[in-house]
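Spelled out from the first residue to the last, the chains are:
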Amino acid sequence: MEIRIKPCIVMLSLITILLLILGCQSPSSHGKYELPGVVSYDLKKALRLGNLVYELDLMGERLDTFPNEFTNLRNLRSLSLVGCLNLDFEIVIGLLDSLDKLSELELSKCQLTSLPSKTSNLQKLERLDLSNNFLQDIPGSLGKLPYLKKLSLASNRLTELPSQLRESTFLDEIYLYDKESIQIDYVIYVLTAIDSIKIIDLSFSRLHIIPPEIGNLIQVETLILAGNQIETFPKEIQNLKNLKHLWLGVNPISEEELARLEVLIPNTKINFNDRF
């Protein structure tokens, strides 16, 4: 008797075997081996795949609502909602609250005027992108996100940072470029307290004067000040012994000031490109 195997069964079996093979090469952060995650660009497909989805990119999608079934994406690590203008983000963030593996969230270009109140409940976040919105302030509760490493607040309407951000323990990078009137003194005050901070971007922020307090940022390795109106630096910049890269493109800095800087920070590479 001839045995016939349906092609769809063969295909499913081959996919399962392939996932198992690849999964053995992909250890999780807990030391266990997991199946490789799926990257999806479609919400409906993602909901069908459920726990297989690790990354979901919905950039520019014309979404009006988020279904409650979204909470079934239990393994979701990364979510991009860039340019999703019609969503109620209070509801969205409320749904994300149950996804305890979510570590990366992009809310750029969403026309946000305030940050959803439950954002600080996303305790596993490591990267948060709030750039290109209309935020005038951010809640101090962001400083209580215990694993936050990268924060982008670029191209908003902020003039200062909340003092509670000084409580951050893992913040490694902060992007504040393209600000209308950022209060540099207070920004330095906040960031000085964060021992983990390594990259600070204040490019295109209409800065004219760098205060002496810049010398307190002794932990910083990359400082991006391109596209400002800076002509000179205080001598306290010599305190930045860990500074490896200083970006100064599109600033009216004279040859004499550059020569002075090279003496003050001889181990720092000074770059005149306008973008990091």
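For the structure itself, look to the data block above.
Enquirer: Residues and numbers for the overall build of the protein chain, please.
Expert: Broken down by element type, the protein chain carries 5 helices and 11 strands. For the protein chain, with 276 residues in total, the buried portion stands at 44%. Split by element, the accessible area of the protein chain, about 15,000 Å² in all, is 51% carbon and sulfur.

Enquirer: Give me the lowdown on helix α3 (residues 89-96), citing residues and values where you can.
Expert: Inspection of α3 places F89, V92, I93, L95 and L96 among the buried residues, and these make up the whole buried set. Within α3, the buried residues cover an arc of 155 degrees as seen down the axis, which keeps them to one side. On its buried side, α3 packs onto β3 (78-80) and β4 (104-106). The N-cap residue of α3 is D88: its side-chain oxygen and the backbone nitrogen of E90 are 3.1 Å apart.

Enquirer: Describe the pattern of salt bridges, naming the residues involved and giving the relevant values.
Expert: Counting across every chain of the model gives 4 salt bridges. Linking K144 and E167 is a salt bridge whose minimum nitrogen-to-oxygen distance equals 3.1 Å. Note that K144 is positioned in the loop between β5 (127-129) and β6 (150-152) and E167 in the loop between β6 and β7 (173-175), a separation of 23 residues in sequence. Exposure remark for E167: the relative accessible area of 43% places this residue in the partly exposed category. The residue E236 makes a salt bridge to K235 at a minimum N-O spacing of 3.4 Å. Classification of E236 as partly exposed rests on a relative accessible area of 22%.

Enquirer: I'd like a description of the packing of aromatic side chains, backed by residues and values.
Expert: The final tally for this structure, using the stated rule, is 3 aromatic pairs. Taking the centre distance of 5.3 Å and the plane angle of 40 degrees together, the rings of Y186 and Y189 count as tilted. Of this pair, Y186 and Y189 both sit in helix α4 (residues 184-192), 3 residues apart, which is roughly one turn of the helix. For Y186, a relative accessible area of 26% corresponds to the partly exposed category. Over the ring of Y189 we find R166, and its NZ or CZ is 4.1 Å from the ring centre.

Enquirer: Lay out the state of the cysteines in plain terms, naming residues and giving numbers.
Expert: Under the definition given, this model contains 0 disulfides. Unpaired in terms of disulfides, C84 finds its nearest cysteine sulfur in C110, a separation of 5.9 Å. A relative accessible area of 0% means that C84 is categorised as buried. The class of C110 is buried, set by a relative accessible area of 3%.

Enquirer: Give a detailed account of the environment of V39, specifying residues and quantitative values.
Expert: Tracing the sequence through the fold places V39 in strand β1 (residues 38-40). Taking the C-alpha atoms as reference points, V39 and E55, 16 residues apart in sequence, are found 4.7 Å from one another.

Enquirer: A description of the side chain of S108 should follow, citing residues and the corresponding values.
Expert: Tracing the sequence through the fold places S108 in the loop between β4 and β5. Taking relative accessible area as the criterion, S108 reaches 5% and is therefore assigned buried. Among the polar contacts made by the side chain of S108, one reaches the main-chain carbonyl oxygen of S131 at a distance of 3.1 Å.

Enquirer: Help me get a handle on unusual backbone geometry, residues and values and all.
Expert: Notably, N132 is not glycine yet its phi reads approximately 60 degrees, a positive angle. Looking at the element boundaries, N132 is found in the loop between β5 and β6. Despite not being glycine, S155 has its phi angle at roughly 55 degrees, a positive value. For S155, a relative accessible area of 13% translates into the label buried.

Enquirer: Can you explain the nonpolar core? Please cite residues and give values.
Expert: The biggest cluster of nonpolar side chains holds 73 residues, and the ones touching the most others in it are L56, F66, F70, L81, L96, I174 and L225. For this core, the elements supplying multiple residues, two or more each, are α2 (43-49), β2 (53-57), α3, α4 and α5 (255-264). When neighbours within four sequence positions are excluded, I174 is seen to be in contact with L151, L161, L165, L191, I197, I199, I200 and D201.

Enquirer: Give a detailed account of the pairing of β2, specifying residues and quantitative values.
Expert: As defined by bridge partners, β1 adjoins β2 across 3 bridges and the pair is classed as parallel. Directly across from V38, in β2, lies its bridge partner V53. In this fold, the crossover linking β1 to β2 by way of α2 has right-handed handedness. Where β2 meets β3, 3 bridges bridge the pair, whose relative direction is parallel. Its bridge partner lying in β3, D57 is registered against S80.

Rules used throughout
Residues numbered from 1 in each chain as written. Predicted model: local features only at pLDDT ≥ 70, side-chain atom pairs only at ≥ 80, totals over all residues. Heavy atoms only, no water. Helix = DSSP H or I, 4+ residues; strand = E, 2+ residues; numbered from the N terminus. Buried < 20%, exposed > 50% of the residue type's maximum accessible area, 1.4 Å probe, protein only. Areas by Shrake-Rupley, 256 points an atom, 1.4 Å probe, with all protein chains shown as cover. Arc of directions from axis to C-beta. Contact = heavy atoms within 4.5 Å. Polar contact = N/O pair within 3.5 Å; in protein donor to acceptor, adjacent residues only side chain to side chain. Salt bridge = Lys/Arg side-chain N within 4 Å of Asp/Glu carboxyl O. Phe/Tyr/Trp six-rings, centres within 6.5 Å; stacked < 30°, edge-to-face > 60°. Lys NZ or Arg CZ within 6 Å of the ring centre and 35° of its normal. Disulfide = S-S within 2.5 Å. Core = buried A, V, L, I, M, F, W, Y, C linked by side-chain atoms within 4.5 Å. Pairing = 2+ DSSP bridges. Right-handed = clockwise from strand over helix to strand, strands pointing away.

That is the geometry; function is a separate question.
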